[in-house]
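Notes for the structure review
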Amino acid sequence: MDDHSVVDVGDVRLAYRTWGDPDGAPVVLLHALGGSSADWEQAGRALGEEWRVYALDLRGHGESDWPDEYSLELIRDDVLGFLDESDLDRVGLVGHAMGGVVAYLLAQEYPDRVERLVLEETPPPFPREPVDLVAPDEPLDYDWPVAPAVQRQISSPDPQWRERLGEITVPTLIVSGGHDSSMPQGRIQDMADLIPDCRLITIPVGHRVHEVEPRQFAQEVGDFFSG
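Residues numbered from 1 in each chain as written. Predicted model: local features only at pLDDT ≥ 70, side-chain atom pairs only at ≥ 80, totals over all residues. Heavy atoms only, no water.

1. So, the side chain of glutamine 108
- With respect to the element layout, glutamine 108 can be found in helix 3 (residues 98-109).
- We classify glutamine 108 as buried; its relative accessible area is 5%.
- Looking at glutamine 108, its side chain comes within polar contact range of the main-chain oxygen of tryptophan 161, at 2.9 Å.
- Not counting residues within four places of it along the chain, the set of residues in contact with glutamine 108 comprises Trp161, Arg164, Leu165, Glu167 and Ile168. (Helix = DSSP H or I, 4+ residues; strand = E, 2+ residues; numbered from the N terminus. Buried < 20%, exposed > 50% of the residue type's maximum accessible area, 1.4 Å probe, protein only. Polar contact = N/O pair within 3.5 Å; in protein donor to acceptor, adjacent residues only side chain to side chain. Contact = heavy atoms within 4.5 Å.)

Here you go:
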C-alpha cells in the first residue's frame, strides 16, 4: 500500500506518495507533463520491493499547489527543496519525459545530490519544431498554463542545457520507447553521447514505458542502481 503525504517547499506545497522500506536507499520519481505521482503506481510498487521510493506531484500537477508560475528551473528547484525538507542527501533520480528534463537539470546544477540518474523518454536538449497547444474544454488534473510554459522550453531549450550534459558525472541510464513512441527518437543517442557515463537501452513499447511494462522497467532500473 502506498502512503500519501505533503511537504512545504518555499511557497509551494508538494504532494507525494511513497513505497517500500523507510530505511531503504531513496529513489525519487518525476512524472511527465500532465501526469502525477499516480502514474508511477505499478513501477513504484515494484521498485519499492528493494528501495524507498518517493513519487512527487510536481508543481501545477495532481494534488500539489497550482501556483500559475512555471518553468523547468522552478520545478527543478522544487525537487531540490523536497530533498532538503525530506532529509534526502543523495538519491537515485528517475524522470519521465518532462520529469527527465527536470532530473538532468538537477544533476547538472547539484551533482552531489544525485547518486544515479535515469532518463525515460526524455526530450533531448536540441531545438525542434514548436507544438501548438490548445486548452481543452474539459477539466484537467493539472494547471493548464504549465503546458505551454514547459512546451516552449522543450521546443527551444536553453543552449546551456546541451552544453552542460558533459557535467553530468553520475552514472546515467537512458530508456527509450522505440519506434512506437510519440516522442522523436532521432537525437536520443546524441544526448547519450554527450553524457560521460551513460548507457542507452530501448524497451520498444512506446512513450510510457514504466506504465506499459512496469516490471521490466523496474528490473532495468533496479539492476542499474545496484550495479
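Structure's up, so let's keep going.
2. Looking at the pattern of salt bridges
- Enumeration over the complete set of coordinates arrives at 12 salt bridges.
- Between arginine 208 and aspartate 39 there is a salt bridge; the shortest N-O distance is 3.6 Å. Placement of the pair is arginine 208 in the loop between strand 8 (198-202) and helix 7 (209-212) and aspartate 39 in the loop between strand 3 (26-30) and helix 1 (41-47), with a sequence separation of 169 residues.
- Classification of arginine 208 by relative accessible area gives partly exposed; the value is 34%.
- The shortest N-O distance in the salt bridge between aspartate 78 and arginine 59 comes to 2.6 Å. (Salt bridge = Lys/Arg side-chain N within 4 Å of Asp/Glu carboxyl O.)

3. Digging into the sheet that holds strand 2 (residues 12-19)
- Read from one edge to the other, the open sheet built from 8 strands follows the order 1-2-4-3-5-6-7-8, with strand pairing classed as mixed. Edge positions in the sheet fall to strand 1 (3-9) and strand 8, since each has one partner strand and no second. Pairs of neighbouring strands in the sheet enclose a mean axial angle of 20°, with direction left out of account.
- Bridge count for strand 3 against strand 5 (residues 91-96) is 4 bridges, and the pairing is parallel. Of the residues in strand 5, the one forming a bridge with leucine 30 is glycine 95.
- Where helix 2 (residues 72-85) meets the sheet, its contacts fall on strand 1, strand 2, strand 3, strand 4 (52-56) and strand 5, and the angle it forms with strand 1 comes to roughly 105°.
- Taken strand by strand, helix 8 (residues 214-226) contacts strand 3, strand 5, strand 6 (114-120), strand 7 (172-176) and strand 8, and its axis lies near 150° from that of strand 6. (Pairing = 2+ DSSP bridges. Axes fitted to C-alpha atoms, helices over the stretch in contact; angles between N-to-C directions.)

Nothing here speaks to function; it is all geometry.
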